[in-house]
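Now for the letters of each chain:
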Amino acid sequence: MSILTQEQTKRITDRVMSLSKADECTVSIEGSRIGNIRFARNAVSTAGLSDDTQIQVQVAFGKRQGTATINEFDDKSLEKAVRRAEDLARLAPENPEFMPAIAKTAYKPSETFVQRTADIDPEFRAQAAAYAMEACRKKGLVSAGFFTDRSTFETVANSNGVFGHQVATSLDFTCTVRTEDGRGSGWVKRSARDVAKFDPREAADIAIEKALRSVDAKALEPGRYTVVMEPSATSDLLTFMIGGFNARMADEGRSFLSKKGGANRLGDKLFDQQVNIWSDPWDKDVPVLPWDGNMLPRERTHLVKDGRINALNYSQYWAKQKGQRAIGSAGNIIMAGTDKSTAELIANTKKGVLVTRTWYIRMVDPQSVLVTGLTRDGTFYIENGKVKHPIKNFRFNESPVSMLNNIEEIGKPIVIGGDEANYSMLIPSMKIRDFNFTSLSDAV
């Protein structure tokens, strides 16, 4: 029952609406079928298939709201959920920022579903893991990884006549390869909606190569260096910055986009001219659902244009307060790049550091988006356009805001994320000057 059709969910949402006695009723139904295989020490450790479906009912009496969630769909259970939501609403205090359910609207479908991804079976998952394990055994290396594929659906509806239904697919693969003595480590991540765009051999080979090349790492003095950041490393840092594009946070002084006196930095040039960032539910590489968690329709939104802050995200409540128009919050983040490979960025670097991955990142100062974290699984010294030798990992203190103002070159974007129908990033590799490494880390 995990993947329901539009006809099935329409019957369910109509039934829920008919049972509700509240001023308004909102319904969302979600379902997923998730397959996975996990391996460690060159052997499969777990594999399985799970499915789940649930319905959430939210009602309101005036400004009082109540919500109930169940995973049973018979008439008796549906009525029980509606009555429970209504009971909670009657007991709840009024919400001073209550916004009524959105008016009837049409959603433009996005291409989030690929049948061949939905058709992934246990044999495919086993083969995806097998190549990494067998290749590592032959080279005296140790592999660990996780492959997961998803088929999902989401339905939204409300008592104003809103109805939307869409299915989606995605896959993710991560693989860590280490030398048997633990002195070398490599890592790779691949994400896609279409399984035809995923090559497990290509992915595993990258992790294997990095593991072999990272043995006997040398210490390099901490300091500010030119870095070539691979997309996975860059995306982890940018994630901390994207939340700052919330208009309310900016207006209330809680964001890097805040100005004194309750103003925001909309229109200000904060980044290098090369920086262009937008969201687009209908992007061919990272499509997402055409509505957000509040059922608001999404639009193509250019957040940063030629280095300038071009748009902020307004919730329904804050849009009303500020006389703005509310649209759906971003479901993906896309950054413009070039056709240059990471190898080409390296070739254009006289001296620098190649960073495969960042991890254990924590916020230090929300106002400047200063974060601290570590490199891992393949950090290398670049000299005269070539990777010269592996170096020990660093702790860094850096802000993605500063990073995007210190760009020298941008590479080709690749898909990062894709865990759900509502999350994907298309991020390029970048060559950045003056990246701040503060200390060494002995971890491999």
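Residues numbered from 1 in each chain as written. Predicted model: local features only at pLDDT ≥ 70, side-chain atom pairs only at ≥ 80, totals over all residues. Heavy atoms only, no water.

Caption draft 1: Looking closely at the sheet that holds strand β1 (residues 24–40). Taken together, the six strands give an open sheet; going across it, the order is β3-β2-β1-β4-β5-β6, and neighbouring strands pair in antiparallel fashion. A strand with exactly one partner marks an edge of an open sheet, and here the two such strands are β3 (64–70) and β6 (185–192). Each strand axis lies, on average, 15° off the axis of its neighbour in the sheet, ignoring direction. On top of the sheet, helix α2 (residues 75–91) reaches β2 (43–61) and β3; it is set at about 150° to β3, its chief contact. The strands touched by helix α4 (residues 122–139) are β1, β2, β4 (141–158) and β5 (163–179); relative to β4, the strand with the most contacts, the crossing angle is about 160°. (Pairing = 2+ DSSP bridges. Helix = DSSP H or I, 4+ residues; strand = E, 2+ residues; numbered from the N terminus. Axes fitted to C-alpha atoms, helices over the stretch in contact; angles between N-to-C directions. Contact = heavy atoms within 4.5 Å.)

Caption draft 2: Highlighting the UniProt feature "domain: Metalloprotease TldD/E central" (unreviewed entry) in the protein chain. Summarizing the sequence annotation, UniProt attributes the feature "domain: Metalloprotease TldD/E central" (unreviewed entry) to residues 131–214 in the numbering used throughout. In the segment residues 131–214, helix accounts for 27% and strand for 51%; the C-alpha atoms at its two ends are 21 Å apart. (UniProt positions renumbered as here; feature names shortened; annotations may be inferred.)

Caption draft 3: How the structure looks around the pattern of salt bridges. Inspection of every chain in the model, using the stated rule, returns 30 salt bridges. Between Asp172 and Lys189 there is a salt bridge, with its nearest N and O atoms 3.4 Å apart. Taken together, the residues span a long stretch of sequence, with Asp172 in strand β5 and Lys189 in strand β6 at a distance of 17 residues. You'll find Asp172 and Lys189 in the same group, each marked buried. With a shortest N-O distance of 3.3 Å, Asp268 and Lys259 are connected by a salt bridge. With a relative accessible area of 38%, Lys259 lands in the partly exposed category. Salt bridges here are not isolated pairs; linked through shared partners, they connect Glu97, Arg248, Glu252 and Arg254. (Salt bridge = Lys/Arg side-chain N within 4 Å of Asp/Glu carboxyl O. Buried < 20%, exposed > 50% of the residue type's maximum accessible area, 1.4 Å probe, protein only.)

Caption draft 4: Summary view of the pairing of strand β7 (residues 223–229). Most of β7 is tucked away: five of the seven residues are buried. By the bridge criterion, three bridges tie β7 to strand β12 (residues 351–365) in an arrangement that is parallel. Within the sheet, the bridge partner assigned to Val228 lies in β12 and is Leu354.

Caption draft 5: Here's a closer look at the environment of Ala217. Counting through the fold element by element, Ala217 comes out in the loop between α5 (200–213) and β7. The sequence separation of Ala217 and Lys259 amounts to 42 residues, and the corresponding C-alpha distance is 44 Å. Not counting residues within four places of it along the chain, the set of residues in contact with Ala217 comprises Pro390, Ile391 and Lys392.

Caption draft 6: View of the layout of surface pockets. A volume near 1100 Å³ is recorded for the largest pocket. Forming the walls of the largest pocket are 42 residues, and the residues nearest its centre are Arg190, Glu202, Ile206, Pro231 and Ile414. Looking at the lining of the largest pocket, the elements with two or more residues in it are β6, α5, α6 (231–242), α9 (342–347), β12, β16 (407–420) and β17 (423–441). In terms of residue class, the lining of the largest pocket is made up of 19 nonpolar, seven polar and 16 charged. In this structure, the second largest pocket spans a volume of roughly 690 Å³. Partitioning the lining of the second largest pocket into residue classes produces 12 nonpolar, 15 polar and six charged. (1 Å grid on protein atoms, 1.4 Å probe; cavity = no way out; pocket = protein on both sides within 12 Å on 5 of 7 lines; lining within 4 Å. Points joined across faces, edges and corners; volume = space filled by probe spheres on them. Nonpolar A, V, L, I, M, F, W, Y, C, P; charged D, E, K, R; others polar.)

Caption draft 7: Layout of the pairing of β6. Burial of β6 is extensive: seven of the eight residues sit out of reach of the surface. Direction of pairing for β5 relative to β6: antiparallel, over a ladder of eight bridges. Its bridge partner lying in β6, Val177 is registered against Gly186. The turn linking β5 back onto β6 is made up of five residues, and Gly182 within it adopts a positive phi angle of 75°.

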